[in-house]
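Next come the chains, spelled out residue by residue.
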Amino acid sequence: MLKNSGAFSYPIIFRLETGQYAVHERVERDYFTFSSFFLKCIDTYVCICYNLSKINQIKQGEKDMDWKNISGEKYDWTKTRKPERPYMHDYTKTLVYKLFLAIPNEAHTESIVYETFESALEVIKKVDLMSLGMPKIVYLVGWQYLGHDSKYPAWDSVNESLKRECDKTAKDSLLWLMEEGFKYNTTVSLHINIQDAYKDSPLWDEYVKEDLITLNADKSLCEGDVWNNQLCYIVSYKQIWDKGVIQKRIEELCDFLPIQKAGTIHIDAMHARADVGHGWSLEDIQAARNKIVRFWRDKGIDVTSEFCYYETPDWQARKDQLTGLMPLAYHFSQNLDEYIKKPASLMCGANISRRFREGISDEMDKLFGASFNIEGIIMKGDWEDTFFDSFCKCEPRYRYLMSLDRKSANITPDDITAEFSDGVKTHIDGRMYKNGELIGDDSFVVVPSKYQAENVYFARADKDVSVDMKKAFGEDGEYSAFRFDKNGVSRNGVKNKLEDGKLLLKKGEVLIIKF
């Protein structure tokens, strides 16, 4: 079986009834229509079909894969500084956010709804207008049972309170939303949990009977925290893997909803802890977690999660666990040395976490950029203005810095700086220079905006400012300026000309500059 090294496209080889071969060189990651026949491609395997009149779906990653052979070894990213396998999405170029739909009431008898599937699409549309057409992934929180954290570890029921009136079932509404999202540059996927188990879950009796809950030294069930007025218990990754339970449940979820088409899923609270009562060490549990993540990837699905999961005591140096296996931590945390050693393509973040930090690393977003907590902004209501302001202050700068190579960092008594490729240098107070020209600080920024085209720039100013575009970016002459606001980019630009190579920005302007 041939294998394609490309990350996002697949050659499909057909053997015709005449004995000749036909090759279609590029196929979208998920679905491809050829001569009215419908194929689905899983992972990076080439599909070979011997008769065009009877094309079978080839699920190479599922059909021939023996899950018992999946490695639990920690991936050594230092050898290549690349992921173990290409991720299904490029998270350095993708706006990732969670959308909170629902939560159970205190009695767990009904759902408190923040967004239905129908209103969620309106949120997706608005976010798309305010994000310059960049690709996006949204993970739905509270899509199942009565909402967030409800009935875990079960995932087999869609929250009926979120249903559209025109649909027969809530599942139909969710399927509709997942498909509609693509029209707005958005992949819609799910927020789930594999660690927590609640006594009111349909799977509780099975998990206890099959001995899948982490045990304390005295063989009692290991308790977690109280969420939504309910105590959770900690599932043992090692137990659910060795007994084939998690594999079956992942396959059932993929059959239930088009997660493979989304190519990504968010697993909440994917912490590892020793299962003392079963005799499993922390390292055993971490190895089982690695296998679970690899099993998802075998199905063409990236796993993102809440944290980076260093899982080392404060007095020890932090240890990588999922770098190169997991592309994104929603609440991201790295120290200065880690930022320099690891390309953003190995693992990046949705927003910066103030947890698990080390000393001066608390302001690393000033040096390397960061996204922002979109979920929290939307939950507060009347969110558009805050979202737009946060997007403009964070995203263009963050995406630009992630597109560059991180070269080095320097610490002096008065400053901390980071140097990147293309002559870019940042300071701990937020200043950013390119070729010695100041192109951004806390009050303004001018950076390339490659989501539109080459020679296009995003510009925002909270004060009157000028930027030498010739010195910084080699631009000169005439340009068109397009207003950007929460309704998107204006259709008609205003033509202008640089003055001695300098772009003049007025206080309050947010522009897309095209040369």
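This write-up is about the structure you can find in this document. (Residues numbered from 1 in each chain as written. Predicted model: local features only at pLDDT ≥ 70, side-chain atom pairs only at ≥ 80, totals over all residues. Heavy atoms only, no water.)

1. Observations concerning the overall build of the chain
Here's step 1: Helix and strand content of the chain: 13 helices and 30 strands.
Here's step 2: Out of the 515 residues belonging to the chain, those deemed buried represent 57%.
Here's step 3: Taking all contacts inside the chain whose residues are at least 6 apart in sequence as the whole, residues at least 24 apart take part in 66%.
Here's step 4: Roughly 22,900 Å² of accessible area belongs to the chain as shown, and the carbon and sulfur atoms make up 47% of that amount. (Helix = DSSP H or I, 4+ residues; strand = E, 2+ residues; numbered from the N terminus. Buried < 20%, exposed > 50% of the residue type's maximum accessible area, 1.4 Å probe, protein only. Contact = heavy atoms within 4.5 Å. Areas by Shrake-Rupley, 256 points an atom, 1.4 Å probe, with all protein chains shown as cover.)

2. Re the packing of helix α6 (residues 245–256) against helix α8 (residues 282–298)
Here's step 1: Here α6 crosses α8 at 30°, and the two axes come no closer than 11 Å. Classified by the angle between their axes, α6 and α8 sit roughly parallel to one another. By crossing handedness, the relation of α6 to α8 is classed as right-handed. Contacts from Ile 246, Gln 247, Ile 250, Glu 251 and Leu 253 of α6 reach α8 at Ile 292, Phe 295 and Trp 296.
Here's step 2: Along the lines of polarity and charge, the residues of the contact of α6 with α8 split into 6 nonpolar, 1 polar and 1 charged. (Axes fitted to C-alpha atoms, helices over the stretch in contact; angles between N-to-C directions. Parallel < 35°, antiparallel > 145°, perpendicular 65-115°, else oblique. Left-handed = near helix turned anticlockwise from the far one by under 90°. Nonpolar A, V, L, I, M, F, W, Y, C, P; charged D, E, K, R; others polar.)

3. Remarks on empty space enclosed by the protein
Here's step 1: Applying the stated criterion to the full structure yields 2 cavities of 30 Å³ or more.
Here's step 2: Here the largest cavity is characterised by a volume of approximately 80 Å³.
Here's step 3: Considering each element in turn, the lining of the largest cavity owes the most residues, 3 residues, to α8.
Here's step 4: Tallied by class, residues from the lining of the largest cavity come to 4 nonpolar, 1 polar and 5 charged. (1 Å grid on protein atoms, 1.4 Å probe; cavity = no way out; pocket = protein on both sides within 12 Å on 5 of 7 lines; lining within 4 Å. Points joined across faces, edges and corners; volume = space filled by probe spheres on them.)

4. Some remarks on the environment of Glu 180
Here's step 1: You can see Glu 180 is positioned in helix α3 (residues 170–180).
Here's step 2: Glu 180 sits in the buried class, given a relative accessible area of 15%.
Here's step 3: As for Glu 180 and Ile 124, which are separated by 56 residues in sequence, their C-alpha atoms are 9.5 Å apart.

5. Here we look at the sheet that holds strand β11 (residues 196–197)
Strand pairing in a sheet relies on backbone hydrogen bonds, with the paired strands running either antiparallel or parallel.
Here's step 1: Reading across from one edge, β11-β13-β12 is the order of the 3 strands in this open sheet, with antiparallel pairing throughout. The two strands at the open ends of the sheet, each matched to only one other strand, are β11 and β12 (223–227).
Here's step 2: Bridge analysis of β11 against strand β13 (residues 230–234) gives 2 bridges, and the strand direction is antiparallel. Across the sheet, Asp 196 pairs through a bridge with Ile 234, a residue of β13. (Pairing = 2+ DSSP bridges.)

6. Overview of the pattern of salt bridges
Here's step 1: Applying the stated criterion across every chain yields a total of 24 salt bridges.
Here's step 2: Close ionic contact of Asp 389 with Lys 393 constitutes a salt bridge, the shortest N to O distance being 3.3 Å. A residue pair is termed a helical-turn pair when its members lie 3 or 4 positions apart in one helix, as Asp 389 and Lys 393 do in helix α12 (residues 384–402) at 4 residues.
Here's step 3: Notably, a salt bridge pairs Arg 483 with Asp 485, separated by 3.4 Å at the nearest N-O pair.
Here's step 4: Beyond isolated ion pairs, a larger network of salt bridges with shared partners links Asp 415, Asp 429 and Arg 431. (Salt bridge = Lys/Arg side-chain N within 4 Å of Asp/Glu carboxyl O.)

7. Some details on α6
Here's step 1: If you check α6, its first and last C-alpha atoms are 16 Å apart, about what 12 residues at 1.5 Å a residue would give, namely 16 Å.
Here's step 2: Looking at α6, one finds that the buried residues are Val 245, Ile 246, Gln 247, Arg 249, Ile 250, Leu 253 and Cys 254.
Here's step 3: Against the buried residues of α6 lie β10 (186–193), α4 (204–209), α5 (237–242), α7 (259–262), β14 (264–268) and α8. (Expected span 1.5 Å × (residues − 1).)

8. Some points on the nonpolar core
Here's step 1: Trp 143 and Trp 296 are the most contacted members of the largest nonpolar core, which totals 140 residues.
Here's step 2: Of the residues forming this core, the biggest block, 8 residues, is contributed by α12.
Here's step 3: The residues contacting Trp 296, other than those within four sequence positions of it, are Trp 155, Ile 192, Ile 250, Leu 253, Ile 259, Ile 265, Ile 267, Ile 301 and Val 303. (Core = buried A, V, L, I, M, F, W, Y, C linked by side-chain atoms within 4.5 Å.)

9. A word on unusual backbone geometry
Here's step 1: That bond from Tyr 152 to Pro 153 is cis: its omega, 15°, falls within 30 degrees of zero.
Here's step 2: The residue Pro 153 is located in the loop between β9 (136–141) and α3 in this model.
Here's step 3: One non-glycine residue, Tyr 145, lies in positive phi territory at about 45°.
Here's step 4: Positive phi outside glycine occurs at Asp 211, with the angle close to 65°.
Here's step 5: Note on placement: Asp 211 falls in the loop between α4 and β12.

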